[in-house]
Amino acid sequence: MTDTKKSATLSLNGESYELPIFSPTAGPDVLDIRKLYAQAGVFTYDPGFTSTASCDSTITFIDGNKGELLHRGYPIDQLAGKSHYLEVCYLLLYGELPTATQLEDFEGRVTRHTMVHEQMHNFFRGFRRDAHPMATLVGVVGAMSAFYHDSTDISDPWQREVASIRLIAKLPTIAAMAYKYSIGQPFVYPRNDLDYAANFLHMCFSVPAEDYNVNPILARAMDRIFTLHADHEQNASTSTVRLASSSGANPFACVAAGIACLWGPAHGGANQACLEMLKEIGTVDRIPEFIARAKDKNDPFRLMGFGHRVYKNTDPRATVLKQSADEVLELLGIEDNPLLQVAKELEQTALHDPYFIDKKLFPNVDFYSGIILEAMGFPTSMFTPIFTVARTVGWVSQWKEMIADPQNKIGRPRQLYLGETTRNYTDIENR
Ligand code: SDX
């Protein structure tokens, strides 16, 4: 925690209270209200946490006005252009870019943990074939606690490290298994001769009946999508993992909680909802109808893939994904993909509409990712599982940071109570 030299004075009920101010290395100052209730007998009120810093962190910084995203200080566009997913995983986990030797060792450790316990295959048999893969992921990742007892003691740094590697390594395998199970194809084992992204494509798309050669263009696009979704400060699912972990629950159970949160259409589920929306719009001439619906207060419809709690200018990940969509579709010879045309026209229409300008609504990370994923051959139901695979390193990195923080304590928010005050029980004959 940074030392504090400044403070703010709160005048309340004739008393004055000094609230220390902490200055960050980047971003807004924070008011330390930890002693407010003890000193002044009042709570702060911030549903949705629009003005609340839940922790201090050194992992990811977002400047919503500049549209800036840094991982350990490195801009996301540089990492997406020059790095690759497992190197970004190392950076998020350990704080620095690895040397060649460190990277080789890290990639080797992840590669050798990509298989799952053979008995975990049986878990899938309990699910309906048409279960959403996110439902399967929540269940199977939570069940990892039942298999990997030797990495659930969070007080042991070595067990924390093993659990971190296991989660990063096995999520692609479990996600691919969920996909294979949903289409009635046999599970495909990981291969140690393939890199992380290529291995995932191989586990998803190869079949025992013939050889499968991973398209390097798709592998590069897959790796870039993983990198762009790796971490994002204290978003809803990361905050879920942190809160679940604050009780001392094991990392597999906490990541399963994060997966459940990410599934929501306002969060990671938006990539699936966005592509389904683009398909519902269908053609450019129907865009005005949907823009009108998005602006209609009486219509719950929202433009999926638009808006963000933090970004009020542009989501830098959307910028990279838009370029990647152009590249991938052109390289695949489907640059005239009607969905891409609808997406680009929708973006331009919205960006020139006063409603979206006034409310600072711009395409976010989920707006273009679905177009690439569909072009790669994934069904929309696999979009959020892919986001889950990528974000696992962010959840794990934030979890490790929190567990190692000596200030770490169980998260226990209070409330503004508006219910009944004390009243006596009435026997049923008198009601
Ligand atoms: C992710 O937090 C993260 O970092 C998340 C994420 C990550 O990497 O972890 O970036 C990933 O979740 C990206 C967001 C994906 N979700 C969507 O694309 C769903 C559509 N977007 C919205 O639901 C919304 O924009 C949110 C949830 C993303 C943000 O919601 P906020 O910050 O709570 O904003 P809000 O709902 O209060 O909206 C502010 C205003 C409202 O109008 P008023 O009540 O002020 O009149 O803008 C309107 C909203 O009605 N609005 C939209 C809109 N998003 C907000 N109107 C139409 N379409 C939209 N998409």
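The following refers to the structure shown. (Residues numbered from 1 in each chain as written. Predicted model: local features only at pLDDT ≥ 70, side-chain atom pairs only at ≥ 80, totals over all residues. Heavy atoms only, no water.)

This part is about the overall build of the protein. In terms of helices and strands, the protein carries 18 helices and six strands. Taking the principal axes of the C-alpha coordinates as reference, the protein spans close to 80 × 65 × 55 Å. In the protein, buried positions account for 48% of the 431 residues. Long-range pairs, those at least 24 residues apart, make up 69% of the contacts in the protein with a sequence separation of at least 6. Entry remark: accessible area of the protein is about 21,300 Å², with carbon and sulfur atoms responsible for 53%. A distance of 4 Å separates the average location of the 40 positive side-chain charges in the protein from that of its 51 negative side-chain charges. (Helix = DSSP H or I, 4+ residues; strand = E, 2+ residues; numbered from the N terminus. Buried < 20%, exposed > 50% of the residue type's maximum accessible area, 1.4 Å probe, protein only. Contact = heavy atoms within 4.5 Å. Areas by Shrake-Rupley, 256 points an atom, 1.4 Å probe, with all protein chains shown as cover. Lys, Arg positive; Asp, Glu negative; His and termini not counted. Charge placed at Lys NZ, Arg CZ, Asp CG, Glu CD.)

This paragraph deals with empty space enclosed by the protein. Enumeration over the complete set of coordinates arrives at two cavities of 30 Å³ or more. Estimated volume of the largest cavity: approximately 70 Å³. Around the largest cavity, the lining residues are Met115, Val116, His121, Thr173, Met177, Phe187, Val188, Tyr189 and Pro190. Looking at the lining of the largest cavity residue by residue, the class counts come to seven nonpolar, two polar and no charged. Looking at the second largest cavity, its volume works out to about 40 Å³. In this structure, the second largest cavity is lined by Thr114, Ala169, Pro172, Thr173, Tyr196, Asn199, Phe200 and Met203. Looking at the lining of the second largest cavity, the elements with two or more residues in it are helix H7 (157–182) and helix H8 (196–205). Tallied by class, residues from the lining of the second largest cavity come to five nonpolar, three polar and no charged. (1 Å grid on protein atoms, 1.4 Å probe; cavity = no way out; pocket = protein on both sides within 12 Å on 5 of 7 lines; lining within 4 Å. Points joined across faces, edges and corners; volume = space filled by probe spheres on them. Nonpolar A, V, L, I, M, F, W, Y, C, P; charged D, E, K, R; others polar.)

On to the pattern of salt bridges, then. Per the counting criterion, the structure on display carries 19 salt bridges. Between Asp315 and Arg317 there is a salt bridge, with the nearest N and O atoms lying 2.8 Å from each other. Across the pair, exposure class does not vary: Asp315 and Arg317 are buried alike. For Asp326, the salt bridge goes to Lys344, with nearest N and O atoms at 2.5 Å. Linking Asp326 in helix H14 (residues 316–331) with Lys344 in helix H15 (residues 338–351), this pair joins segments that are 18 residues apart in sequence. Using a relative accessible area of 29% as the deciding quantity, one classes Asp326 as partly exposed. (Salt bridge = Lys/Arg side-chain N within 4 Å of Asp/Glu carboxyl O.)

Given two aromatic rings, one states the distance between the centres and the angle between the planes to describe the pair. Scanning the model with the defined rule gives 20 aromatic pairs in all. With a centroid separation of 6.0 Å and 90 degrees between ring planes, the pair formed by Tyr94 and Phe106 is classed as edge-to-face. With Tyr94 in helix H3 (residues 85–94) and Phe106 in helix H4 (residues 100–111), the pair connects residues that are twelve residues apart, well separated along the chain. On the basis of relative accessible area, Tyr94 is assigned to the partly exposed category, the value being 30%. Residue Phe106 is classed as buried on the basis of its relative accessible area, which comes to 0%. The interplanar angle of 80 degrees and the centroid separation of 5.7 Å between the aromatic rings of Phe123 and Phe147 together place this pair among those described as edge-to-face. Highlighted residues: Phe123 in helix H5 (residues 121–125) and Phe147 in the loop between helix H6 (133–143) and H7, separated in sequence by 24 residues. An aromatic cluster is built from Tyr85, Tyr179, Tyr196, Phe200, Phe205, Phe226 and Phe378, whose rings are joined through pairwise contacts. (Phe/Tyr/Trp six-rings, centres within 6.5 Å; stacked < 30°, edge-to-face > 60°.)

As a structural note, the neighbourhood of the ligand is formed by 24 residues, with His232, Leu303, His308, Arg309 and Arg317 the closest of them. Here an oxygen atom of the ligand sits 2.6 Å away from a polar atom, N or O, in the side chain of His232. In this structure, Phe306 approaches the ligand through a main-chain N or O atom, which is 2.8 Å from a nitrogen atom. Burial of the ligand by the surrounding chains reaches 77%, relative to a free accessible area of 1,000 Å². Along the lines of polarity and charge, the residues of the shell around the ligand split into ten nonpolar, seven polar and seven charged. (Near = heavy atom within 4 Å. Polar contact = N/O pair within 3.5 Å; in protein donor to acceptor, adjacent residues only side chain to side chain.)

In summary, the side chains of a regular strand alternate between the two faces of the sheet. Note that strand E1 (residues 6–12) and strand E2 (residues 15–22) share seven bridges and pair antiparallel. Opposite Ser11, over in E2, you have Ser16 as the bridge partner. Where E2 and strand E3 (residues 30–31) come together, two bridges link them in antiparallel fashion. In the strand pairing of E3, Phe22 is matched with Val30. (Pairing = 2+ DSSP bridges.)

Turning next to H3. Burial runs high along H3: nine of the ten residues are buried. Of the positions making up H3, those classed as buried are Tyr85, Leu86, Glu87, Val88, Cys89, Tyr90, Leu91, Leu92 and Leu93. Looking one or two places after H3, you find Gly95, whose phi comes out positive at around 95 degrees.

What follows concerns the sheet that holds E3. Pairing between the strands of a sheet comes from backbone hydrogen bonds, and it takes one of two forms, parallel or antiparallel. Read across the sheet, three strands follow the order E1-E2-E3 without closing on themselves; strand pairing throughout is antiparallel. The open sheet has two edge strands with one neighbour each: E1 and E3.

What follows concerns the side chain of Asp315. Its place among the elements puts Asp315 in the loop between helix H13 (287–295) and H14. In this structure the side chain of Asp315 is engaged in a polar contact, spanning 2.8 Å, whose partner is the side chain of Arg317. Ignoring anything within four residues of it in the chain, the contact list for Asp315 reads His308, Pro363, Asn364 and Val365.

In an α-helix, one turn spans 3.6 residues, which is why side chains three or four residues apart end up on the same side. Taking 1.5 Å per residue as the helical rise, H15 with its 14 residues ought to reach 20 Å, and the 20 Å between its terminal C-alpha atoms agrees with that figure. Among all positions in H15, only Leu339, Leu340, Val342, Ala343, Leu346, Glu347 and Ala350 are buried. Down the axis of H15, the sector holding all buried residues measures 160 degrees, keeping them to one side. The inward-facing, buried residues of H15 contact helix H12 (270–281), H13, H14, helix H16 (354–358) and helix H17 (365–375). A side-chain oxygen of the first residue of H15 lies 2.6 Å from the backbone nitrogen of Leu339; this N-cap is Asn337. (Expected span 1.5 Å × (residues − 1). Arc of directions from axis to C-beta.)

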